[in-house]
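Summary of structural features
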Amino acid sequence: RGISSDERPKRPLTAYFRFLKENRSAFRQNNPEMNNMELVKKIADTWKELPASQKQVYEEARKTDWQRYKERLAAYKAQLTPAQAAALKEERSKRLAKRRSFRAKRELTVLGKPKRPRSGFNIFVSENFQESEGISPVAKLKQLFDAWQKLSSSQKQPYLQLAEDDKVRYENEMKSWEAKMVELGREDLIRSRKQRPKDKTAERAKNAETAKASSQENKAKLKLKKREE
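Report follows, based on the coordinates. (Residues numbered from 1 in each chain as written. Predicted model: local features only at pLDDT ≥ 70, side-chain atom pairs only at ≥ 80, totals over all residues. Heavy atoms only, no water.)

Quick word on the layout of surface pockets
Its boundaries defined by the atoms lining it, the largest pocket holds a volume of some 1400 Å³. With eight residues, helix α4 (residues 82-110) is the single largest residue contributor to the lining of the largest pocket. Of the residues belonging to the lining of the largest pocket, the class tally is 13 nonpolar, two polar and 17 charged. (1 Å grid on protein atoms, 1.4 Å probe; cavity = no way out; pocket = protein on both sides within 12 Å on 5 of 7 lines; lining within 4 Å. Points joined across faces, edges and corners; volume = space filled by probe spheres on them. Helix = DSSP H or I, 4+ residues; strand = E, 2+ residues; numbered from the N terminus. Nonpolar A, V, L, I, M, F, W, Y, C, P; charged D, E, K, R; others polar.)

What follows is the structure in structure tokens.
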């Protein structure tokens, strides 16, 4: 008999997520002016300040559900053949990976992460998509791609400049957003130094300073050599 992983017992919620699920609507009603990021932060702060006795209520509910979950999981696994268990393990692994990716993207959206900068071609497409020929979105994109390829460098330049401006917008917004993430204790969402674009202005200044120091050193060596002669 075929067995779907949908039949597998669901893991119980943690104490915090029980609190979140039970109180999110009330927090939303009491704070309608807050965006999602501000609301999540307020709920998290409230949970942190909750007395241990009140947290214990949610923790005890989690323990009860966890024991029930283990019993159901054991019964579920007992009915599986080795082949079914292997197939379901692979299926579940793929689903979990997909779910983690979706949740990560959704969390970033809730936290207000800035949208990535658009390329010159993306901007060209957005401006011309409605007027482009083609009976389907794929056909329209193909037609626009061909049109983009035929544009001269001067014709592409306005779109490329807009793309450069959008990069500046993105970096400024990311710096502000990452500062907020640090305040929220979410340093795990901050880009590593390798991922951050180099500050070309600072880099040029550093190179100029190095060149200047090298030039001064060479002049000093030349003067010393003349004196020795």
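Topic: the pattern of salt bridges
Applying the stated criterion across every chain, the model contains 14 salt bridges. Across the pair D45 and K41 runs a salt bridge, and its minimum N-O distance is 3.0 Å. Within this pair, D45 and its partner K41 are both found in helix α2 (residues 36-49), separated by four residues, close to a single helical turn. What makes D45 partly exposed here is its relative accessible area of 26%. R191 is the partner of E171 in a salt bridge, and the nearest nitrogen-oxygen pair spans 3.2 Å. Placement of E171 in helix α7 (residues 153-183) and of R191 in the loop between α7 and α8 (200-228) is noted, with a sequence separation of 20 residues between them. Classification of E171 as buried rests on a relative accessible area of 18%. Linked by salt bridges that have partners in common, R18, D65 and R68 make up one network. (Salt bridge = Lys/Arg side-chain N within 4 Å of Asp/Glu carboxyl O. Buried < 20%, exposed > 50% of the residue type's maximum accessible area, 1.4 Å probe, protein only.)

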